[in-house]
Each structure stands twice: as structure tokens, then as C-alpha cells.
Amino acid sequence: MGVCFVQSPALVGVFVFSCMALCLLHVPELALAQDSGITRHYKFDIKLQNVTRLCHTKSMVTVNGQFPGPRIVAREGDRLLIKVVNHVQNNISIHWHGIRQLRSGWADGPAYVTQCPIQTGQSYVYNYTIVGQRGTLFWHAHISWLRSTVYGPLIILPKHNVPYPFQKPYKEVPIIFGEWWNADPEAVISKALQTGGGPNVSDAYTMNGLPGPVYNCSAKDTFKLKVKQNKIYLLRFINAVLDEELFFSIANHTLTVVEADAVYVKPFEADTLLIAPGQTTNVLLKTKSNFPKATFLMTARPYVTGLGTFDNSTVAGILEYESPSYSDPLSIKKLPLLKPTLPPLNDTSFATNFTSKLRSLASSQFPANVPEKVDRHFFFTIGLGTSPCDKNQTCEGPNGTKFAASVNNVSFATPTTALLQAHYTGQSNRVYSPFFPITPIIPFNYTGNPPNNTMVSNGTKVVVLPFNTSVELVMQDTSILGAESHPLHLHGFNFFVVGQGFGNYDPNKDPANFNLVDPMERNTVGVPSGGWVAIRFLADNPGVWFMHCHLEIHTSWGLKMAWLVLDGKLPNQKLLPPPADLPKC
């Protein structure tokens with residue numbers, strides 16, 4: 001039988017006790033875990049913590065007082081029991097981003113979709129098993145903008161004695177991109193939704209919580225990656241930023257991309273990475289064989305396509321080689337610091353070229369099981385729009401309106417009861433409509449001159465799919481209020497990116513160019529600015545699954561919807577019953 005395993009030192013005391021108790025109790029699930037993995041226990045205390053960056057101290061919502069939050073480490077096949085206790089005034093829920101949650105939709109986490117949030121003084125145990133997945137994912141709050149501070153890595157190691165399909169690394173290092181806000185992000189989004197205008201932006205980007213030397217007052221708050229010569233390092237990158245895709249590069253070093261969104265890819269070399277919010281990328285870094293007599297900046301800054309304001313700044317860390325034993329420590333400090341060159345802010349051609357290189361490994365051990373026949377075709381427009389200003393109010397959106405966002409011109413209205421509970425209890429009538437439009441209600445020239453009427457409709461609508469339906473979905477960006485790249489995230493599934501292009505999707509010509517052999521499999525894909533992307537997935541997971549833009553402001557404006565997958569006929573094709581401690585609204 002396996003043993004409990006805890007990465008975060010702050011939690012060791014809790015877990016040693018939990019593990020001892022479990023071992024003493026001879027829990028049946030653990031007895032069965034020899035083949036399928038072990039049960040790992042974590043405890044997340046949601047609490048306020050004073051944190052200082054940019055010479056500015058503020059109280060922020062954290063997990064266990066840590067910013068970023070603790071690292072969760074498990075193996076493929078393990079079961080995770082994560083008790084979340086809410087000690088703050090905000091409601092909270094946690095999403096395990098990229099975890100399939102097979103039949104365990106109650107543990108997925110988006111507030112008012114799969115659960116009511118955890119209220120002040122309450123707790124909830126997220127209980128799920130990692131099936132058929134290994135790689136880098138992350139967890140984050142999934143209510144309002146609390147994920148700005150409540151996030152951390154979720155690392156899934158392969159099963160014991162199963163090697164990586166690439167050279168074994170000397171060391172593995174998670175690098176998670178985030179942001180620092182001098183203001184309270186909850187106040188920022190509250191004001192934006194009230195005025196209808198664009199939100200204020202963050203004051204810095206961070207690398208493992210640290211802004212780095214480019215920012216004021218931050219030289220001491222710099223992430224340093226200390227390496228040895230002639231070694232292979234596996235760097236696990238995560239973009240947990242709210243609203244910006246990021247370019248990343250290390251001066252004078254080439255990276256080998258080996259995984260994206262916890263799916264192995266055909267390895268390729270890159271000097272620069274592009275990672276959208278909600279995406280992860282694993283790379284191999286081969287260090288230089290001789291001491292380089294230099295230190296190297298690692299920098300990230302935004303890739304921007306929209307017309308809105310954004311944080312136009314650069315986060316930097318330092319790659320530092322362990323000095324030879326014979327060298328003078330003083331001379332090491334005087335080594336030159338080399339800087340990488342990143343693409344221009346709006347370099348869509350680089351973005352297209354980079355994403356086109358991502359291909360599934362598609363090997364016998366890690367096949368790309370692309371649905372070849374399609375049961376249901378969907379065409380969704382993805383983009384911005386407007387909604388009317390309230391009476392007796394002045395609004396700061398376009399022409400005195402409020403900014404909005406929509407899928408097929410439906411801006412999602414968040415319910416006050418969780419969709420999954422309403423579905424499971426058969427009380428959906430007053431909560432949601434099962435008639436989400438499968439194509440735009442009014443077709444138009446999506447990437448041409450925008451229509452005069454940019455108003456969106458509002459509703460809580462879902463698409464209902466029978467179990468095991470194979471789906472092809474084309475997502476089309478629109479030029480309404482400016483074309484923009486939108487990273488779309490689907491809960492509960494990975495999907496295959498079978499095609500993409502610029503301009504309007506042509507259903508007669510474009511499918512002929514689809515890649516059904518080794519397309520990228522992932523959970524978050526960028527809908528190209530002024531273009532379209534086609535994905536396929538098999539609806540083999542019963543439950544209610546959120547799909548939304550991972551630019552947080554667009555989610556707040558309504559760029560979200562849900563898929564309801566019905567139970568199958570067999571017992572192992574049905575959603576499990578809700579846990580007894582499921583939060584109440």
C-alpha cells in the first residue's frame with residue numbers, strides 16, 4: 001500500500017496525523033489503492049494574510065497564508081481529499097483546472113455551476129480521483145476575481161515505474177505566473193460592473209509570487225532559478241494571470257516544449273513560449289556544458305490583441321549558474337546580466353506559428369483518440385457586445401452603454417442555485433433553459449464591419465447532450481468592439497484542436513484541412529484574433545460542465561455557457577450522488 005505524500009511543509013503536521021489515522025483505521029479504499037494509487041489528504045484554510053510587494057502591504061485572501069498557494073502533488077490514479085475551510089467574509093469555491101472529474105462533477109468547483117460557494121465559517125471536502133492524466137495543471141478560486149490571489153500548482157506525476165516520454169530531468173521546477181494588485185481586485189471588478197466600463201489593471205506580473213527587478217522596489221522580490229552545468233531541468237509553466245496571455249523567454253537559452261495542458265506533445269524547440277491564462281506548458285531546459293560567465297534574465301510580458309487597457313509591464317526572474325568551486329565569489333556578483341528579446345506586444349503571426357507547432361504525441365502508449373465521426377455540430381460566436389445602462393445612471397462603456405460579452409449573443413446570467421444541483425434534483429425549470437442556440441440566431445459578417453446593434457441578450461442556457469455524443473464545435477471570434485484572442489476553457493473534458501484559421505469559418509472548405517491524426521489535445525484554447533478554431537470532444541462525462549473565456553473580465557461580462565451531459569445507461573456512466581457536505585446556497 002502507498003503512503004500519504006505532502007509537498008507543502010506548512011501542512012505536514014496535519015497530514016502526518018491524517019496518514020497515521022488512516023493507516024490505523026485500515027480504510028478499505030487505501031487497501032485497494034495498491035494498483036490504482038493512494039489517497040492524499042490536504043487542508044486549505046482560506047484566510048486573510050498581510051503580504052508586501054512593490055513596497056505596498058495589503059491584506060489578501062490566501063490559502064494557508066501563502067501567496068501563491070501551496071503546491072499539490074499526486075500521481076496518476078491517486079485520490080485527492082482536499083478539505084477547504086472558509087475563514088474569510090467572501091464566499092469561496094476552488095476549481096481543479098484541467099482535472100477531468102469523471103463522474104465527480106460535484107468536486108469541479110465553479111460557483112453556481114457545480115456547487116453553491118462555501119460560505120463564511122463553512123467547509124467542503126473536494127473528493128476526486130485522477131484518471132488517465134499526468135502533467136502540470138493548477139487550482140484556483142472560481143468565484144468573482146478571487147483567483148487573483150487564491151491559486152497554486154497541481155502537479156500530477158506518472159504512475160510508479162512509468163517514465164516520461166522524454167529524457168529524465170535532473171530536477172523539476174514549477175513556475176506560475178500571476179499578478180500583484182495594490183488595489184483589492186474585488187473592488188476593481190465591482191466598480192467595473194457598476195460603471196459598465198473597462199476595469200483598472202494590475203500593478204505587476206509575478207513569477208512564483210515575485211515581481212522581479214524591473215519593477216519599483218522589487219529587486220529583493222525576484223525569483224531565482226539556480227542551476228548546475230550540463231543538466232536537464234523540467235520547467236512546469238502555468239499562466240494564472242487574470243486577463244493577459246504571456247510571451248516568455250530565457251536569455252541565450254533554447255527550450256524544448258514537451259507537454260501542454262497536461263498532455264504530452266511532439267517535442268519542438270522554441271526560444272519564446274506563448275501561454276494563455278488557464279494554459280500550462282512543460283519544457284526541458286538543457287543547461288550549458290561550461291560555466292557561462294553570465295547570469296540570464298527570464299522575462300514575460302503580455303501578448304495583446306484587444307482594444308482595452310492592459311498592464312504593459314514585464315516580470316523578470318534570474319537564471320543563475322552554480323559557480324565553480326575555484327571561482328572568486330566577488331567576481332561572480334559582477335557577471336553580466338543578459339536579457340532576452342520578446343516578440344512585439346501584438347505579434348499574432350508569432351502566436352499562430354507557435355500554436356501550430358503543438359501536436360499530440362499520438363503514440364501507441366499516448367494515442368490521440370480524435371472522434372472521427374461527429375454526432376452534433378455547433379457554431380458559436382465568441383466576443384464582446386453591450387448592454388443598456390440602468391436608468392438614472394451614467395455608464396462608461398461604448399456610447400454610454402455597459403460592456404458585455406457573449407456566446408452566440410447570449411450573455412450568461414449566473415443563477416442563484418447551482419446548475420448541477422438543479423439538474424440532479426429535477427428542479428431545473430426556474431434555474432436554466434435547455435435551449436442554448438447551437439448557431440448564431442442572426443448570422444452576420446463576423447470579422448467584417450460590425451453590425452449597428454451590438455446589444456447582447458441575457459439568459460441562463462445550457463446545451464443538453466446524450467452520454468457519449470461526439471461533438472464538433474467551431475468558435476468564431478467577432479469584430480464587435482474589436483477582434484481579440486479569447487482563451488476558451490472547457491471544464492470536465494480535454495478536446496482536440498482539429499483546425500483554426502483567420503477570417504470567417506467556411507463550413508464547405510475548411511473541414512478538408514482538419515488534422516484528425518495528431519491534433520493538440522488540451523483544456524484551454526485561444527480563439528485566434530479575427531479568426532476561428534475547431535475542436536472535437538466526446539461527451540463521456542455526465543454532469544454540468546462550464547465553458548468560458550479565461551480572460552476574467554470577459555467571464556465577468558458573460559462570455560460563458562454550460563454543457564449538460566446526461567447519464568449513460570450503465571452504472572459507471574452515471575453521475576455519482578452529491579456528497580453530504582455539499583455547500584448550500
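Everything quoted here is computed from the prediction, not taken from an experiment. (Residues numbered from 1 in each chain as written. Predicted model: local features only at pLDDT ≥ 70, side-chain atom pairs only at ≥ 80, totals over all residues. Heavy atoms only, no water.)

(A) Highlighting the side chain of Arg536. Summarising the element assignment, Arg536 is placed in strand β31 (residues 531–539). Engagement of the side chain of Arg536 in a polar contact is seen with the backbone oxygen of Pro371, the distance being 2.8 Å. A polar side-chain atom of Arg536 sits 3.3 Å from the main-chain carbonyl oxygen of Glu372. Filtering out sequence-adjacent residues up to four positions away, Arg536 remains in contact with Pro371, Glu372, Val374, Val471, Glu472, Phe495, Phe496, Val498, Phe514 and Leu516. (Helix = DSSP H or I, 4+ residues; strand = E, 2+ residues; numbered from the N terminus. Polar contact = N/O pair within 3.5 Å; in protein donor to acceptor, adjacent residues only side chain to side chain. Contact = heavy atoms within 4.5 Å.)

(B) Focus on the pairing of strand β10 (residues 204–207). Alternating positions in β10 separate into two faces, Ala204 and Thr206 on one and Tyr205 and Met207 on the other, with burial throughout. Here strand β9 (residues 171–180) runs beside β10; their pairing, made up of four bridges, is antiparallel. Considered in β10, the bridge of Phe177 is made with Met207. (Buried < 20%, exposed > 50% of the residue type's maximum accessible area, 1.4 Å probe, protein only. Pairing = 2+ DSSP bridges.)

(C) How the structure looks around the sheet that holds strand β2 (residues 56–63). Here four strands make up an open sheet; going across it, the order is β2-β1-β4-β6 and the pairing mixed. Strands at the two margins of the open sheet, each flanked by one partner only, are β2 and β6 (123–129). Mean inter-strand twist for the sheet, computed between neighbouring axes without regard to direction, equals 25 degrees. Across eight bridges, strand β1 (residues 39–53) lies against strand β4 (residues 79–86) in parallel orientation. Each bridged residue has a counterpart across the sheet, and for Ile46 the counterpart in β4 is Asn86. (Axes fitted to C-alpha atoms, helices over the stretch in contact; angles between N-to-C directions.)

(D) Just the sheet that holds strand β7 (residues 135–141), in detail. Read across the open sheet, the four strands follow the order β3-β8-β7-β5; overall the sheet is mixed. In this open sheet, the two edge strands, each paired with only one partner strand, are β3 (72–75) and β5 (94–97). Across this sheet, the average inter-strand angle for adjacent strands is 20 degrees, counted without regard to direction. Relative to strand β8 (residues 151–157), β3 runs parallel, the two being bridged by four bridges. Across the sheet, residue Val73 finds its bridge partner in β8, namely Ile155.

(E) Representation of the pattern of salt bridges in the model. All told, the structure shown has 15 salt bridges when counted by the stated rule. With a closest N to O distance of 2.8 Å, Asp540 and Arg100 form a salt bridge. Residue Asp540 is located in the loop between β31 and β32 (543–549), and its partner Arg100 is located in the loop between β5 and β6; the two are separated by 440 residues in the primary sequence. Residues joined by salt bridges that share partners form a network here, namely Lys224, Lys226 and Glu320. (Salt bridge = Lys/Arg side-chain N within 4 Å of Asp/Glu carboxyl O.)

Such coordinate-based values are descriptive only and should not be taken to indicate function.
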